[in-house]
Amino acid sequence: METLYIIGTIILGFCVVFKLLKDLGEQIEDGLFELDEKLALAIRSVVEKIPGIGEHEPINPIQMAIGQLIANMSQQQQTPNMKVIQRDEKGLFVKED
């Protein structure tokens, strides 16, 4: 009978510890979420106070078109044209006429 009381007490202790750890995890998660919100507000306010960083001009369509043109040109250069060079029976390269 004493063994059952000891086992019951141990099981109850594990349940209490598990519940406390679960609650602690939830509190840490809530605290991190609140800290993230406060940090985002602080960074936003600092960025808005710095002259030149908080103000953004709209993207110029001509600059965007030039950027796309340059990107397309660089992609086309990355795929070189392959040329097959013929070989004779011995495996040596053949001169082109």
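Presented here is an overview of the structure given in this document. (Residues numbered from 1 in each chain as written. Predicted model: local features only at pLDDT ≥ 70, side-chain atom pairs only at ≥ 80, totals over all residues. Heavy atoms only, no water.)

### A look at the overall build of the protein
Put simply, the rule reads: The way it works is that DSSP assigns letters per residue, a run of H or I at least four long becomes a helix, a run of E at least two long becomes a strand, and they are numbered from the N terminus. Remark: exposure states derive from per-residue accessible area (1.4 Å probe, protein chains only) relative to the maximum for the residue type, with buried under 20%, exposed over 50%, and partly exposed in between. Accessible areas in this description were obtained via Shrake-Rupley with a 1.4 Å probe; residue shielding takes into account the shown protein chains only.
The number of helices and strands found in the protein is two helices and zero strands. Scored against the burial criterion, the 97 residues of the protein give a buried share of 0%. Counting only carbon and sulfur atoms, one obtains 64% of the accessible surface of the protein, whose full area is about 9,900 Å².

### Here we look at a nonpolar patch on the surface
Here is the rule: A patch is a set of surface residues, each over 30% in relative accessible area and not in a salt bridge, joined within 9 Å for like charges and within 5 Å for the nonpolar side chains Val, Leu, Ile, Met, Phe, Trp and Tyr. Just to be clear on terms, a salt bridge is a Lys or Arg side-chain nitrogen sitting within 4 Å of an Asp or Glu carboxyl oxygen.
On the surface, a nonpolar cluster with roughly 580 Å² of combined accessible area is contributed by Val-17, Leu-21, Leu-24, Ile-28, Leu-32 and Leu-35. Topologically, Leu-32 is positioned in helix 1 (residues 2–49).

### A few points about the pattern of salt bridges
Counted according to the given criterion, the structure contains two salt bridges. Taking the shortest distance from any N to any O, the salt bridge between Asp-23 and Lys-19 comes out at 3.2 Å. Taken together, the positions of Asp-23 and Lys-19, both in helix 1 and four residues apart, correspond to about one turn of that helix.

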